[in-house]
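# Examining the three-dimensional arrangement
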Amino acid sequence: MTVGRVSLQPLPADADSQLVQAGFLILPDVIAPDVCDAIIGAIAALYKVHSETARRRIGGVRNVLHHCPLVAELACSESFLKLVRPYLGEAASPVRGLFFDKTPEANWRVPWHQDLTIAVATKIETPGFGPWSLKDGVHHVQPPVQVLEGMLTLRLHLDDCPADNGALRVLPGSHRAGELSAAQIEERTQANQSAVCAVSRGGVLLMRPLLLHASSPARIPAHRRVLHLEYAVEALPNGLQWFDQ
């Protein structure tokens, strides 16, 4: 199956300033319901395998671009690239894919944080890159801030995600402060008003990785499935390669 209809409606008039200033942008009705169903079906088998081999309840799957052809097709489609190219440039491509699902069995709280790591094909010690970790057999590393500033995350919601179903909360504008310490995160989240990113099924949330974000456990006994895709433009130095590029 092909990815089907992806909305090519013009971006909002204030899209540029919203993403630059606030660090996030919500786009409703990007994917049709039948495409959402197809993606859910394609990921279900992969999720089942990971659940059976895990030692505890899991709330998602890593490396979905690598393991799920339909997701890879969607992430690389001209329609999705048109959503990220205005902010990254014509050379934008997906570099990592994750799948999250909050259910009554796997329902967790995510504290305030920034997304600071990337997935790479091989571990090569490189100045400015570190610390390193290994997640599901894939090397992850924290790159220099400049790499993260050149990335954009696209979160496709496969279920309705109102405020009471574990919707993401963000701190507008926090992405412009660079990498923040734990004390700085605490100070900013106490002193500033957060925004709730309620997104309907088939909608997309675009956000910068350095944007402070958090989420509460879902209060609705239902799925909250999100496909998290990260895009970048720049090649990595010293022979490092993006895992999913």
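Residues numbered from 1 in each chain as written. Predicted model: local features only at pLDDT ≥ 70, side-chain atom pairs only at ≥ 80, totals over all residues. Heavy atoms only, no water.

When you go through the chain residue by residue, the secondary structure sums to seven helices and 13 strands. Across the 245 residues in the chain, those meeting the buried criterion constitute 50%. Summarising the internal contacts of the chain: among those between residues at least 6 apart in sequence, 82% fall at separations of at least 24. (Helix = DSSP H or I, 4+ residues; strand = E, 2+ residues; numbered from the N terminus. Buried < 20%, exposed > 50% of the residue type's maximum accessible area, 1.4 Å probe, protein only. Contact = heavy atoms within 4.5 Å.)

Inspection of helix α4 (residues 69-76) places Leu70, Val71, Leu74 and Ala75 among the buried residues, and these make up the whole buried set. Taken end-on, α4 shows its buried residues confined to a sector of 135°, consistent with a single buried face. (Arc of directions from axis to C-beta.)

Turning our attention to the sheet that holds strand β12 (residues 213-215). Ordered in space as β4-β12-β9-β10, the four strands form an open sheet in which the pairing is antiparallel. The open sheet has two edge strands with one neighbour each: β4 (110-113) and β10 (195-197). On average, each strand axis in the sheet is inclined to that of its neighbour by 25°, with strand direction left out of account. Direction of pairing for strand β9 (residues 168-170) relative to β12: antiparallel, over a ladder of three bridges. Looking at β12, one finds that Leu168 is bridged to Ser215. (Pairing = 2+ DSSP bridges. Axes fitted to C-alpha atoms, helices over the stretch in contact; angles between N-to-C directions.)

For the rest of this paragraph, the subject is the nonpolar core. The biggest cluster of nonpolar side chains holds 40 residues, and the ones touching the most others in it are Ile39, Phe80, Leu154, Leu156 and Leu206. Here this core gets eight residues from one element, more than from any other, and that element is helix α2 (residues 33-53). Apart from residues no more than four positions distant in its own chain, Leu206 is found in contact with Leu19, Gly23, Phe24, Leu25, Leu27, Leu83, Val84, Tyr87, Leu152, Thr153 and Leu154. Core analysis: the second largest hydrophobic core is formed by 15 residues, Ile118, Phe129, Trp132 and Val147 among them. (Core = buried A, V, L, I, M, F, W, Y, C linked by side-chain atoms within 4.5 Å.)

The full count for this structure, using the stated rule, is zero disulfides. No disulfide involves Cys197; its sulfur sits 9.2 Å from that of Cys161, the nearest cysteine. Cys197 gets classed as buried once you look at its relative accessible area, which sits at 1%. (Disulfide = S-S within 2.5 Å.)

Let us look at the pairing of strand β6 (residues 132-135). Relative to strand β7 (residues 138-141), β6 is paired through four bridges, and the arrangement is antiparallel. Within β7, the residue paired with Lys135 across the bridge is Val138. Here β6 hands over to β7 after two residues, with Asp136 in that stretch at a positive phi of 50°.

In space, the three strands of this open sheet follow the order β5-β7-β6, with antiparallel pairing throughout. Each edge of the sheet is formed by a strand with only one pairing partner; in this case those strands are β5 (118-120) and β6. Sheet twist, expressed as the mean angle between neighbouring strand axes with direction ignored, is 40°.

Positionally, Asp14 belongs in the segment before α1 (15-22). A relative accessible area of 43% means that Asp14 is categorised as partly exposed. Once the C-alpha coordinates of Asp14 and Leu25 are considered, the two residues, eleven residues apart in sequence, prove to be 9.6 Å apart.

Next up on the list: the pattern of salt bridges. Considering all chains together, one arrives at six salt bridges under this definition. Across the pair Asp37 and Arg201 runs a salt bridge, and its minimum N-O distance is 2.3 Å. Remark: Arg201 occurs in the loop between β10 and β11 (204-207) and Asp37 occurs in helix α2; sequence separation between them is 164 residues. Assessed through its relative accessible area of 45%, Asp37 is described here as partly exposed. The salt bridge involving Asp159 is made with Arg225; its shortest N-O contact spans 2.8 Å. Taken together, the residues span a long stretch of sequence, with Asp159 in the loop between β8 (152-157) and β9 and Arg225 in strand β13 (residues 225-232) at a distance of 66 residues. By relative accessible area, which is 12% here, Asp159 ends up buried. Through salt bridges that share partners, Glu78, Arg85 and Glu90 make up one connected network. (Salt bridge = Lys/Arg side-chain N within 4 Å of Asp/Glu carboxyl O.)

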